[in-house]
Amino acid sequence: VPPLAIAGGQAGAKGWIAASAGPRVFLWEEKDPNGAGWADTQSNGDGDFEIYGDEHQPAHGDSVRTLGVSPCGNFVASGAEDKYVKVWSTSDRKCVRAMCLPKRVSALSFSIDSKYVFAGDKYGEVYAVPTDAADGSTKPVLLLGHLCSIITYIAVSPCGQFIATADRDGKIRISSIPKAGIAGGIHEIQSYCLGHDGHVQFVQFVSSTELVSGGGDGCVRLWSVEDGAEKECVQPHEGTNVLSATFMPESSTVAVLFGNKKVSLLSIGSGTLTLKESIDIPQKDNLVPISIASVNTNSAYLWIVGTSESTTSLAVYAQMHKLALPTSRGSAHCELSDALSPWKSDAKPVVVEDRTKFNIHLVSSELKKFVFPLSEREFRKRRRKDVLRRHLNKDKA
């Protein structure tokens, strides 16, 4: 999977879009000075939208896999395969906190009060990283675990009382955040949402009582937070995976990106999940969409990051587009902007990774569990026992 990520957020009159390509992180501010609609993204005056680490180096030492924008709009968090979770200030683009997890970071989300970043790793554990630079802690706080299953997504309820964590094995765990604080971890489980056949790709709270999820089985499901009961299941496209999703509260709509280059708009009612329409993403620049995001108060546009499906190039280049939804223009067709150049002011393409030959995989092989036939499973069990027995005999000798 090309290392691309995107996240959106809004606070007051400002909206933020953060995107990553490889180890590099970019940040755009959307401004609405006249109250007449969102203006195009603007830089901080120097024409450079990139967030830099020490000595003008990329933000991370390895590929960034997950991003988040804080509810207050003051921070952007990034998690990468260098095991670091970094918190950046949106005002000056400086790193205010950096903490290393034991394993590579796979998912993150901010707490409602923006005081913490909840980060999950590929060992199945979830940690809390404080955003306050004055906090004296030097290590992240361990909150909960998923028994060695990769954490694929983290979401926090609007009321701030629950945290939902999803994993590779199709489980969604909803935990209660202690009112006394998280210093001692999160131990109270509110419910489990079980039903996905394969990994869970995203989880979004649509209210404090309901959440929606999508996964490798191509299904989008609506759940009850209280008891984990499934309320609705929709599969707009058979035979394809869910890649990404974003929730737009104003219209009670969740936009879901599928592996067949379609975006499905699902309306959420009282315990119902209804398919409004499915949109074919217009073909432009050989775009292979990887992830989508939205600015919460604006349901007219989606932001898309992706790459090119060309197999003749020697490099994988990042692309970023703005997708105007049909409802925003009263037409039956959506519009896709040209690839946005302000990844850099000089409009040079951002190289995600160099290789002489590559295949684009929309779902990481780490999320796919290979199921062995029964006969081979028995053989593997016997082989493990034989290897263990040889080691024990060697130790005794």
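Quick caveat, the model's predicted, so the values are computed rather than measured. (Residues numbered from 1 in each chain as written. Predicted model: local features only at pLDDT ≥ 70, side-chain atom pairs only at ≥ 80, totals over all residues. Heavy atoms only, no water.)

**Let's talk about the overall build of the chain**
And then number 1: Across its full length, the chain carries two helices and 29 strands.
And then number 2: The buried share among the 397 residues of the chain stands at 49%.
And then number 3: Carbon and sulfur atoms make up 48% of the accessible area of the chain, which totals about 18,400 Å². (Helix = DSSP H or I, 4+ residues; strand = E, 2+ residues; numbered from the N terminus. Buried < 20%, exposed > 50% of the residue type's maximum accessible area, 1.4 Å probe, protein only. Areas by Shrake-Rupley, 256 points an atom, 1.4 Å probe, with all protein chains shown as cover.)

**Notes on the pattern of salt bridges**
And then number 1: Within the structure shown, the criterion is met by ten salt bridges.
And then number 2: In this structure, Glu81 engages Arg104 in a salt bridge whose closest nitrogen and oxygen atoms are separated by 3.7 Å. Of this pair, Glu81 sits in the loop between strand S6 (75-80) and strand S7 (84-89) while Arg104 is found in the loop between strand S8 (95-100) and strand S9 (105-110), placing the two residues 23 residues apart along the sequence.
And then number 3: Residue classification places Glu81 among the buried positions, given a relative accessible area of 17%. (Salt bridge = Lys/Arg side-chain N within 4 Å of Asp/Glu carboxyl O.)

**Focus: the pairing of strand S1 (residues 4-11)**
And then number 1: S1 sits mainly inside the fold: six of its eight residues count as buried.
And then number 2: Remark: two residues form the turn of the hairpin made by S1 and strand S2 (residues 14-21), two consecutive strands paired antiparallel; Gly12 in that turn has positive phi of roughly 65°. (Pairing = 2+ DSSP bridges.)

**Here we look at the sheet that holds strand S23 (residues 262-268)**
Hydrogen bonds between backbone groups are what pair the strands of a sheet, and the pairing can be parallel or antiparallel.
And then number 1: Reading across the sheet, the four strands line up as S21-S22-S23-S24 and stay open at both edges, with antiparallel pairing between neighbours. On the outer flanks of this sheet lie strand S21 (242-248) and strand S24 (273-280), each paired with one strand and no other. For this sheet the average axis-to-axis angle between neighbouring strands, irrespective of direction, equals 20°.
And then number 2: Two elements, S23 and S24, share seven bridges in a ladder whose sense is antiparallel. Its bridge partner lying in S24, Ser264 is registered against Ser278. (Axes fitted to C-alpha atoms, helices over the stretch in contact; angles between N-to-C directions.)

**Re the confidence of the model for the chain**
And then number 1: Averaged over the chain, the pLDDT score is 83; the fraction of residues at 70 or greater is 78%.
And then number 2: Here residues 33-41 is modelled with pLDDT under 50, and outside its nearest four sequence neighbours on either side it reaches 21 contacts, counting other chains as well.
And then number 3: Confidence over residues 328-332 falls short of pLDDT 50; this stretch has six contacts with residues more than four positions distant or in other chains. (pLDDT = per-residue confidence, 0-100. Contact = heavy atoms within 4.5 Å.)

**What about the side chain of Asp121?**
And then number 1: You can see Asp121 is positioned in strand S10 (residues 116-121).
And then number 2: Buried charge without a partner: Asp121 forms no salt bridge, and the closest opposite charge is Lys103, 7.7 Å away.
And then number 3: Within the structure, the side chain of Asp121 is placed 2.9 Å from the backbone nitrogen of Tyr123, a separation counted as a polar contact.
And then number 4: Discounting chain neighbours no more than four positions away, the residues touching Asp121 are Leu101, Pro102, Lys103, Arg104, Val105, Ser106, Tyr127, Ile150 and Ile151. (Lys, Arg positive; Asp, Glu negative; His and termini not counted. Polar contact = N/O pair within 3.5 Å; in protein donor to acceptor, adjacent residues only side chain to side chain.)

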